[in-house]
Amino acid sequence: MMSSNSEICNNWKLDEVEALFGLPFNDLLFQAQTIHRQTFDPNKVQVSTLLSIKTGGCSEDCKYCSQSARNSADLEREKLAEVDEVLEAAMEAKRSGSSRFCMGAAWRNPQGKDMERLLTMVSGVKALGMETCMTLGMLTQHQADKLKKAGLDYYNHNLDTSEAYYEKVITTRSYQDRLDTLDHVRDAGLNVCSGGIVGMGESRQDRAGLLATLANLPKQPDSVPINRLVRVAGTPLDEMEGLEELDPLEFVRTIAVARILMPKSWVRLSAGRESMSDELQALCFAAGANSIFSGEQLLTTPNAGEKSDASLFAKLGLEATAGDNVVLG
Ligand code: SAM
Ligand code: DTB
Ligand code: SF4
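Just so you know, the residues in each chain are numbered from 1, in the order the chain's sequence is written. The lettering of chains begins at A and the numbering of ligands begins at 1, in the order of writing. This being a predicted model, a pLDDT of at least 70 is required before a residue's local features are given, and a value of 80 or more before pairs of side-chain atoms are given or counted; all residues contribute to the totals for chains, interfaces and linings. Only heavy atoms go into the side-chain values, all of them from the structure, while hydrogens and water stay out.

J.: What's the story with the overall build of the protein chain in this structure? I'm lost.
T.: Secondary structure elements follow DSSP: runs of H or I of four or more residues count as helices, runs of E of two or more count as strands, with numbering from the N terminus. The secondary structure content of the protein chain amounts to 12 helices and 10 strands. Note on method: radius of gyration uses C-alpha positions; expected globular size equals 2.2 Å times residues raised to 0.38. In summary, the protein chain has a C-alpha radius of gyration of 18 Å against a globular reference of 20 Å for 329 residues, a match within 12%. C-alpha atoms of the protein chain, sized along the principal axes, occupy 50 × 40 × 40 Å. Buried means the residue's accessible area, taken with a 1.4 Å probe over protein chains only, is under 20% of the maximum for its type, while exposed means over 50%, and partly exposed covers the values in between. Looking at the protein chain as a whole, 57% of its 329 residues qualify as buried. Contacts in the protein chain between residues at least 24 apart in sequence constitute 76% of all its contacts with a sequence separation of at least 6. In short, Shrake-Rupley with a 1.4 Å probe defines the accessible areas, and a residue's cover is counted only from the protein chains shown. For the protein chain, the exposed area adds up to about 13700 Å²; of that, 50% sits on carbon and sulfur atoms. Neither His nor the chain termini are counted; the positive set is Lys and Arg, and the negative set is Asp and Glu. One atom stands in for each charge, and that atom is NZ of Lys, CZ of Arg, CG of Asp or CD of Glu. Charge centroids of the protein chain, computed over 34 positive and 46 negative side chains, lie 3 Å from each other. In what follows, residue pairs with any heavy atoms lying within 4.5 Å of each other are defined as contacts.

Here it is as structure tokens:
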């Protein structure tokens, strides 16, 4: 299916998505940019800030992750943060122009004993006038409902890769577990943030499969983070023999296809920006990325930083915006 308008299609076939990946680069970017402009102001980028509220010691075996207790990354574990520390970091993020504050915990899922503190964090950040986002692992329906009631706007839970490649990356929770959590989040009325990681040795077909699954969800995710693998020493993916960095132009193609498949979603250029040139990031914005994480740090790894982002935005004539700048229906 060749798409030239921003109608939402929830029935993408794998071969149609692969065909988009295979277009001549200029045609692909033109199509993505055309669709992007039907919904968004192309010169505005939504900016989120991340804070790790519980670091390391995670029971899961995600092979990319610095925080898995099964990996041997050099990382200092930290227990669940106090509410005051979180609010202080949120105020700082707001001061630096961020509109959404995303709190991440290295858990398989939150425990009952932690819920009260998490809910206080949400209502506190919300009271500062920021959008709130959390990523805490799997959620029950009850937990999702409680977070919504406390004022949570977004919940991030990634599919990470295609269903076919998934077992090469994670074995301690299933693809279906992830889809179930997304159902709970959606049913609670929360905005869904879900995307994945590329550059983990997956094929183009896997990248197409991930994007097709996201686009074919009952409702397309409101925001779609596309992470480029950050290789962390001590993780199985860093040690994987023969794993090469994904071709940067293939990364741009992935962004463009995400934009075409999910015309009204915020496509976030997420992890991996620190090692991207200005030129590569510019191509990603031209391909339809319109959201980033700001700040010196993601959860445990370095990020591009405020100064270099300010200079990049100035060079490209981009403006930071709150996540509500949809210009057309
Ligand atoms: N523990 C929760 C979970 O897995 O749902 C929340 C935090 S987890 C760190 C959030 C996401 O960050 C992962 O799903 C993955 O997509 C991304 N991520 C983690 N480590 C990464 C890395 N080294 N490179 C790129 N993305 C990464
Ligand atoms: C997402 O998709 N990317 C962010 C956010 N959701 C939570 C996390 C990126 C983490 C990168 C590795 C780290 O800093 O630990
Ligand atoms: Fe744990 Fe999340 Fe890292 Fe997986 S990605 S090991 S669940 S913190």
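The rest of the description comes next.
J.: Any chance you could explain the site of ligand 3 here in plain terms?
T.: Whether a residue is near a molecule or strand depends on its heavy atoms: it is near if one of them lies within 4 Å of it. With respect to spatial proximity, the complete set of residues near ligand 3 consists of Cys58, Glu60, Cys62, Tyr64, Cys65, Ser68, Ala106, Trp107 and Arg173. In the cavity and pocket records, a cavity denotes points on a 1 Å grid over the protein atoms alone where a 1.4 Å probe fits but cannot get out, a pocket denotes an open set with protein on both sides within 12 Å along at least 5 of 7 lines, and lining residues are residues with an atom within 4 Å of a point. To decide whether a molecule occupies a pocket or cavity, check its atoms: if more than half lie within 2 Å of the grid points, it is inside. One can see that ligand 3 is located within the largest cavity. Looking at side-chain class alone, the shell around ligand 3 contains six nonpolar, one polar and two charged residues. Ten residues, namely Ala, Val, Leu, Ile, Met, Phe, Trp, Tyr, Cys and Pro, are considered nonpolar, four, namely Asp, Glu, Lys and Arg, are considered charged, and the remaining ones, Gly among them, are considered polar.

J.: Could you clarify how one ought to interpret the nonpolar core in this entry?
T.: Here is a general trend for soluble globular proteins: nonpolar side chains tend to be buried in one another's company. Ile53, Tyr64, Met134 and Leu147 are the most contacted members of the largest nonpolar core, which totals 90 residues. For this core, the leading source of residues is helix H10 (residues 248-261), giving eight residues. Sequence-distant contacts of Leu147, defined by excluding residues within four places in its chain, comprise Met115, Leu119, Val122, Met134, Leu136, Leu139, Leu152 and Tyr155. Within this scheme, the nonpolar core is defined by two criteria: the residues are buried Ala, Val, Leu, Ile, Met, Phe, Trp, Tyr or Cys, and they are joined through side-chain atoms within 4.5 Å. In this structure, Cys102, Ala271, Phe293 and Leu298 belong to the second largest nonpolar core, which totals eight residues.

J.: Is there a simple way to explain helix H2 (residues 25-39) in this structure?
T.: The α-helix winds at 3.6 residues per turn, so residues separated by three or four positions along the chain end up facing the same way. Multiplying 1.5 Å by the helix residue count minus one yields the expected span of that helix. The end-to-end C-alpha separation of H2 is 22 Å, in line with the 21 Å expected for 15 residues at 1.5 Å each. Within H2 the residues assigned to the buried category are Leu28, Leu29, Gln31, Ala32, Gln33, Ile35, His36 and Thr39.

J.: What is the right way to look at the site of ligand 2 in this model?
T.: Surveying the vicinity of ligand 2 reveals 13 residues, the closest of which are Asn158, Asn227, Leu299, Thr300 and Thr301. Interatomic distance of 2.8 Å between a side-chain N/O atom of Asn227 and an oxygen atom of ligand 2. Contacts described as polar in this section are N or O atom pairs within 3.5 Å, which, within protein, must combine one atom able to donate a hydrogen with one able to accept it, while residues neighboring in sequence count only if both atoms come from side chains. Contact between ligand 2 and Thr300: an oxygen atom at 2.6 Å from a side-chain N or O atom of the residue. For ligand 2, the cavity whose grid points lie within 2 Å of the majority of its atoms is the largest cavity. In the shell around ligand 2, the residues fall into six nonpolar, seven polar and no charged.

J.: Explanation requested: the side chain of His157 in the structure shown.
T.: When you line up the elements, His157 lands in the loop between strand E4 (154-156) and helix H6 (163-166). A distance of 3.5 Å separates a polar side-chain atom of His157 from the backbone oxygen of Gly137. In contact with His157, other than residues within four places in its own chain, are Gly137, Met138, Arg173, Arg178, Thr181, Leu182, Cys193 and Ser194.

J.: What should I look at first to understand the packing of aromatic side chains in this one?
T.: The relative placement of two aromatic rings is captured by the distance of their centres and the angle of their planes. By convention, a stacked pair of Phe, Tyr or Trp rings (six-membered ring in the case of Trp) has centres within 6.5 Å and planes under 30 degrees apart, an edge-to-face pair has planes over 60 apart, and any other such pair is tilted. Inspection of the entire model under this criterion finds three aromatic pairs. Where Phe285 meets Phe313, the ring centres are 6.4 Å apart and the plane angle is 90°; that geometry is what we call edge-to-face. Taken together, the residues Phe285 in helix H11 (residues 278-286) and Phe313 in helix H12 (residues 306-316) connect sequence positions 28 residues apart. Side by side, Phe285 and Phe313 carry an identical accessibility label, which is buried. Our definition puts a charge over a ring when NZ of Lys or CZ of Arg is within 6 Å of the ring centre and also within 35 degrees of the ring normal. The ring of Tyr154 carries Arg100 above its face, with NZ or CZ at 3.7 Å from the centroid. We note Arg268 situated over the ring of Phe293; from NZ or CZ to the ring centre the distance is 4.9 Å.

J.: So what exactly am I meant to see when it comes to the packing of H2 against H11 here?
T.: Relative orientation of the contacting elements H2 and H11 amounts to 55°, with a least axis distance of 9 Å. As summarised for this structure, H2 and H11 are arranged oblique, according to the angle between their axes. Of the residues in H11, those touching H2 at Phe25, Leu29 and Gln33 are Leu283, Phe285 and Ala286. Partitioned by chemical class, the residues of the contact of H2 with H11 number five nonpolar, one polar and no charged. Every axis corresponds to a line fitted to the C-alpha atoms, with the helix fit spanning only the stretch in contact, and the corresponding angles, defined between N-to-C directions, vary from 0 to 180 degrees. The cut-offs work like this: below 35 degrees is roughly parallel, past 145 is roughly antiparallel, 65 to 115 is roughly perpendicular, and the gaps in between are oblique.

J.: Could you clarify how one ought to interpret empty space enclosed by the protein in this entry?
T.: Grid points are joined across faces, edges and corners, and a volume is the space filled by probe spheres set on the points. Under the defined criterion, the tally for this structure stands at one cavity of 30 Å³ or more. Taken as a whole, the largest cavity encloses approximately 820 Å³ of empty space. In this structure, the largest cavity is lined by 37 residues; those nearest its centre are Tyr64, Cys65, Gln67, Asn158 and Leu299. Along the lines of polarity and charge, the residues of the lining of the largest cavity split into 19 nonpolar, 13 polar and five charged.

J.: Sorry if this is basic, but what is going on with the state of the cysteines here?
T.: In a disulfide, the sulfur atoms of two cysteines are held together by a covalent bond. For this text, the term disulfide refers to a pair of cysteine sulfurs within 2.5 Å. The full count for this structure, using the stated rule, is zero disulfides. Between Cys284, a cysteine without a disulfide, and Cys193, which holds the nearest cysteine sulfur, the sulfur-to-sulfur distance is 17 Å.

J.: Quick question: what am I supposed to make of the pattern of salt bridges here?
T.: Salt bridge, as used here: a side-chain nitrogen of Lys or Arg that lies within 4 Å of a carboxyl oxygen of Asp or Glu. Under the counting rule described, the total for this entry stands at 19 salt bridges. In this structure, Arg95 engages Glu92 in a salt bridge whose closest nitrogen and oxygen atoms are separated by 2.7 Å. Taken together, the residues span about one helical turn, with Arg95 and Glu92 both in helix H3 (residues 83-95) at a distance of three residues. For Glu250, the salt bridge is made with Arg204, and the minimal N-O distance between the two is 2.8 Å. Within this pair, whereas Glu250 is found in helix H10, its partner Arg204 is found in helix H8 (residues 204-215), the two being separated by 46 residues in sequence. The buried category is assigned to Glu250, whose relative accessible area is 9%. Classification of Arg204 as partly exposed rests on a relative accessible area of 31%.

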